[in-house]
Amino acid sequence: MLHEMCDVLQGQKGVILLERSELTAGSTWHAAGLTALYHPTPNLKSLHYYSINLYSQLSRETGQEVSFHQPGSIRLATSPDRVDEFR
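Residues numbered from 1 in each chain as written. Predicted model: local features only at pLDDT ≥ 70, side-chain atom pairs only at ≥ 80, totals over all residues. Heavy atoms only, no water.

- Looking up the protein chain in an unreviewed UniProt entry gives the name FAD dependent oxidoreductase domain-containing protein, with the organism given as Timema podura.

## Quick notes on the overall build of the protein chain
Consideration 1: The helix and strand tally for the protein chain stands at three helices and zero strands.
Consideration 2: Counted from the first residue to the last, the protein chain has its helices and strands arranged as α-α-α.
Consideration 3: Among the 87 residues that make up the protein chain, the fraction classed as buried is 9%.
Consideration 4: Within the protein chain, residue pairs in contact and separated by at least 24 positions form 23% of the contacts whose partners lie at least 6 positions apart.
Consideration 5: Surface accessibility of the protein chain: about 7,700 Å² in total, with carbon and sulfur atoms responsible for 56%. (Helix = DSSP H or I, 4+ residues; strand = E, 2+ residues; numbered from the N terminus. Buried < 20%, exposed > 50% of the residue type's maximum accessible area, 1.4 Å probe, protein only. Contact = heavy atoms within 4.5 Å. Areas by Shrake-Rupley, 256 points an atom, 1.4 Å probe, with all protein chains shown as cover.)

## Remarks on helix 2 (residues 42–62)
Every α-helical turn comprises 3.6 residues, leaving residues that sit three or four positions apart pointing alike.
Consideration 1: For helix 2, with 21 residues, the first-to-last C-alpha span of 29 Å sits near the 30 Å given by 1.5 Å per residue.
Consideration 2: Where helix 2 bends most, at Ser-56, the angle is about 35°.
Consideration 3: Buried within helix 2 are the following residues: His-48, Ser-51, Ile-52, Leu-54 and Leu-58.
Consideration 4: In this fold, the buried residues of helix 2 make contact with helix 1 (2–8).
Consideration 5: Looking one or two residues beyond helix 2, the residue adopting positive phi is Gly-63, at roughly 80°. (Expected span 1.5 Å × (residues − 1). Bend = angle between axes of the 7 residues up to and from the residue.)

Here it is in structure tokens:
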């Protein structure tokens, strides 16, 4: 989110990330992982897709290694309704 704010505020100086005691000690640890392309609702699916594309480019854009990994996942449809949802 801070990265996006910096894009919006181009030319501004002094953007600061505040954390409880050290980086990842408070709210930022929630951002680590569990980013999947699949979600049944269009809005969250779009947000997940955007986020994955952003994270995969972040090292190139900033020069800072972010160690983003995409391990993959499997989803199994256990009912006809879930099959339709996956489509």
